[in-house]
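The chain contents come next:
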Amino acid sequence: MISTPLTELAGIEYPVVQTGMGYVAGARLAAATSTAGGLGIIAASTMSVAQMTQAVREVKERTAAPFGVNIRSDADDAAERCDIMIKEGVRVASFALAPKKELISKLKDAGVLVIPSIGARRHAEKVAAWGADAVIVQGGEGGGHTGAVPTTVLLPDVVAAVDIPVIAAGGFFSGQGLVAALSYGAAGIAMGTRFLLTSDSPVGDEVKQVYLGKSVRDTVVTTRVDGVPHRVLASDLVESLESAGRLRGLVRAVQNGARFKSLSGLSWGEMIREGRRMKHGRELTWAQVLMAANTPMLLKAAMVDGRADLGVMASGQVVGLIDDLPSCAELITRIMHEAEAALDHLAKLRP
């Protein structure tokens, strides 16, 4: 066993976190990860409040181990979702963006750990000063929304800047990677793509096979999905979004907006208000705003409906190093055995 500030803080056996991936990290995957000794996180940003509550209760039925819930800190119902986490006894509140200082205090006062994900040193310093218990720092190799700085540069920079546990994300899939992160001063690792490609993941087998067939060069970072850098698998859809001119892009965004309206049940007024909120303070065109609102639909198309040809598939570059679909228990056991072997090898290098 490897004890770190993360395992002690969260009460978990192993310093391995499964990240909140929309339409992927539901109750089944989170419970499997936590049962295996890691920290499973429910991705609630793509769930309604009722769906999130049901997912939390389902995880509690499946395991007594600690788990977390990831939500959007800028969502209109963020406070309500935090109240549910408190009421249901969720151990960790995870955020993709920095939560407000007042929200951090409310959660901490109720005994809920606050662990935001950040992509820059200044963001880590801000949430640490506001009372966050730990941070997940994702380098540019990671899937989904990401920055340009690689993990090997960003991680030591953040570790040196804050005095709370730092969890490394972006490019991890093995025990050797865990040991490397620990050597930089991290308290553990967080993985998305590696947990997506497990037998406990709800993603369809056909889509998983698409991932398994990719190399480390088969991901791209695009802003055409939702206006901000987003690492995804290269595909005809992404290529068409990248090559579309302003007018064609706007037409495509409006068409997708109509489909998303039908899927989400939102009115045009609600979609416009959401668009204005997303546009505020960001250099986004209205086409990008519409595509941002459509992102859940594009993710769902691949991850839930199995339409790899029509959907967006977030992925880290590490996808090219993954070639199997173990269970979460098998994966975490393997990682810890690899980590022990790596530590033994390093110990032998000392005279």
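Here, every reference points to the structure presented above.
These figures come from a predicted structure and were not determined experimentally. (Residues numbered from 1 in each chain as written. Predicted model: local features only at pLDDT ≥ 70, side-chain atom pairs only at ≥ 80, totals over all residues. Heavy atoms only, no water.)

Visitor: Whenever I open this one, unusual backbone geometry confuses me. Can you help?
Guide: Trans peptide bonds make up most of the peptide bonds, and negative phi angles are found at most residues other than glycine. At Y23, a residue that is not glycine, the phi angle is positive and equals roughly 65°. Inspection of the secondary structure assignment puts Y23 in the loop between β1 (16–18) and α2 (27–35). Among the residues examined, Y23 registers a relative accessible area of 24% and is labelled partly exposed. (Helix = DSSP H or I, 4+ residues; strand = E, 2+ residues; numbered from the N terminus. Buried < 20%, exposed > 50% of the residue type's maximum accessible area, 1.4 Å probe, protein only.)

Visitor: Sorry if this is basic, but what is going on with the environment of I335 here?
Guide: Among the secondary structure elements, I335 is positioned in helix α15 (residues 328–348). C-alpha of I335 to C-alpha of V16: the two residues are 319 residues apart in sequence and 8.9 Å apart in space. Every residue in contact with I335, bar those within four places of it in the chain, is listed here: V16, F173, S174, G175, L178 and M191. (Contact = heavy atoms within 4.5 Å.)

Visitor: So what exactly am I meant to see when it comes to the packing of helix α8 (residues 175–183) against α15 here?
Guide: Any two packed helices are characterised by the angle at which their axes cross and by the distance between the axes. With their axes 7 Å apart at the nearest point, α8 and α15 run at an angle of 60° to one another. It follows from the interaxial angle that α8 and α15 lie oblique. Considering the relative orientation of α8 and α15, their crossing is right-handed. Residues G175, Q176, L178 and V179 of α8 lie in contact with α15, whose contacting residues are I335, M336, E338, A339, A342, L343 and L346. For the contact of α8 with α15, a count of residues per class yields eight nonpolar, two polar and one charged. (Axes fitted to C-alpha atoms, helices over the stretch in contact; angles between N-to-C directions. Parallel < 35°, antiparallel > 145°, perpendicular 65-115°, else oblique. Left-handed = near helix turned anticlockwise from the far one by under 90°. Nonpolar A, V, L, I, M, F, W, Y, C, P; charged D, E, K, R; others polar.)

Visitor: Is there a simple way to explain the nonpolar core in this structure?
Guide: Note that soluble globular proteins tend to have their nonpolar side chains buried in a common cluster. Ranked by internal contacts, the top residues of the largest apolar core, which has 51 residues, are V16, V158, F195 and Y211. Residue contributions to this core peak at seven residues, all from α15. In this view, F195 contacts V16, V17, Q18, M21, L29, T33, S201, C328, L331 and I332; residues no more than four positions away in its chain are not counted. (Core = buried A, V, L, I, M, F, W, Y, C linked by side-chain atoms within 4.5 Å.)

Visitor: Can you help me understand the pairing of strand β3 (residues 67–71) in this one?
Guide: It is a general feature of regular strands that their side chains alternate between the two faces of the sheet. The element β3 is largely enclosed, with a buried count of five among its five residues. Residues F67, V69 and I71 point to one face of β3 and G68 and N70 to the other, with burial holding for every one of them. Bridge count between strand β2 (residues 40–43) and β3: four bridges; the pairing is parallel. Among the inter-strand pairings, I42 is bridged to a residue of β3, identified as V69. Read as a crossover between parallel neighbours, the route from β2 over helix α3 (residues 49–62) to β3 is right-handed. Two strands pair when backbone bridges link them, and β3 and strand β4 (residues 92–95) are joined in this way by four bridges, in the parallel orientation. (Pairing = 2+ DSSP bridges. Right-handed = clockwise from strand over helix to strand, strands pointing away.)

Visitor: Sorry if this is basic, but what is going on with helix α7 (residues 151–161) here?
Guide: By the burial criterion, the buried members of α7 are T151, L154, L155 and V158. One face of α7 carries all of its buried residues, which in axial projection span an arc of 100°. Buried positions along α7 lie against β5 (113–118), α6 (121–129), β6 (135–138), β8 (166–169) and α8. (Arc of directions from axis to C-beta.)

Visitor: Help me understand the sheet that holds strand β7 (residues 144–145) in this model?
Guide: Where strands meet in a sheet, backbone hydrogen bonds hold them as pairs that are either parallel or antiparallel. Pairing is antiparallel across the open sheet formed by three strands, whose spatial order is β7-β11-β10. Since the sheet does not close on itself, it has two edges, and those belong to β7 and β10 (219–222), each with one partner. In the sheet, β10 pairs with strand β11 (residues 230–233) via four bridges, with the strands oriented antiparallel. Counted as the bridge partner of V220 is V232 from β11.

Visitor: When you look at the sheet that holds strand β9 (residues 188–191) in this model, what are you seeing that I'm missing?
Guide: As summarised here, the arrangement of the eight strands in space is β1-β9-β8-β6-β5-β4-β3-β2, forming an open sheet in which the pairing is parallel. With one partner strand each, in any of the chains shown, β1 and β2 form the two edges of the open sheet. Within the sheet, the average angular offset between the axes of one strand and its neighbour, ignoring direction, is 25°. Where β6 lies against β8, four bridges are found, and the strand directions are parallel. Its bridge partner being in β8, V135 is matched across the sheet by V166. Sitting on the sheet, α3 is in contact with β2 and β3, with an inclination near 165° to β3.

Visitor: Sorry, what's going on with the pairing of β4 here?
Guide: The alternating pattern of β4 places V92 and S94 and A93 and F95 on opposite faces, both of which are buried. Crossover connection from β3 via helix α4 (residues 78–88) to parallel β4: handedness right-handed.

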